Amino acid sequence: QVQLVESGGGLVQAGGSLRLSCAASGRTFSSYAMGWARQAQGKEREIVAAISRSAASTYYADSVKGRFTISRDNAKNTVYLQLNSLKPEDTAVYYCAQSRGGLLRTMTYEYNYWGQGTQVTVSS
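A brief structural summary. (Residues numbered from 1 in each chain as written. Predicted model: local features only at pLDDT ≥ 70, side-chain atom pairs only at ≥ 80, totals over all residues. Heavy atoms only, no water.)

1. Side note on unusual backbone geometry
Most of the time, phi is negative for any residue but glycine, and the peptide bond is trans. Short version of the rule: Note on conventions: DSSP H or I runs of at least 4 residues are helices, E runs of at least 2 residues are strands, and numbering of each starts at the N terminus.
Even without being a glycine, Ala55 presents a positive backbone phi close to 70 degrees. Tracing the backbone shows Ala55 in the loop between β5 (46–51) and β6 (58–60). The phi angle at Asn77 is positive, at roughly 55 degrees, despite the residue not being glycine. Within the secondary structure, Asn77 sits in the loop between β7 (68–73) and β8 (78–83).

See below:
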């Protein structure tokens, strides 16, 4: 059974930084693309960053490009999301997700396993 456990969320002031981590277990981590999604109150969940299984390819939503960085450590079965220059509009629950295959995926329906989420709150 696949388990994804996020950590690293919290309350931060605008302009600050956070690093989210997601530890995966249950199947061969290095075989699957990973993503980070977020869901703000009253809004749909969206993929904000994704990384292919080998880390050769990455994707960022326009709203986070240049501020967020996704990375993975296949030896540790962990994917990370570095959040810099945070804005109040980045406030959301952030979810780690594992895709159906190894290629880069940018849509939520292309992911079949999800973590429980971690809250990120950015104060102005």
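2. Quick look at the environment of Tyr113
Worth spelling out the cut-off: Any two residues having at least one pair of non-hydrogen atoms within 4.5 Å are treated as being in contact.
Along the chain, the position of Tyr113 falls in strand β10 (residues 111–114). It is 7.9 Å that separates the C-alpha atoms of Tyr113 and Gln3, two residues lying 110 residues apart in sequence. Contacts of Tyr113, omitting those with residues within four sequence positions, involve Val2, Leu4, Arg27, Cys96, Ala97 and Gln98.

3. Details of the sheet that holds strand β3 (residues 18–25)
Using the following cut-off: Only when DSSP finds a minimum of two bridges between them are two strands counted as paired. Helix axes are fitted to C-alpha atoms over the stretch in contact, other axes to C-alpha atoms as well, and angles between N-to-C directions run from 0 to 180 degrees.
Read from one edge to the other, the open sheet built from four strands follows the order β1-β3-β8-β7, with strand pairing classed as antiparallel. At either margin of the open sheet sits one strand with a lone partner, and together these are β1 (3–7) and β7. This sheet shows a mean twist of 15 degrees between the axes of neighbouring strands, independent of strand direction. Where β1 lies against β3, five bridges are found, and the strand directions are antiparallel. Its bridge partner being in β3, Gln3 is matched across the sheet by Ser25.

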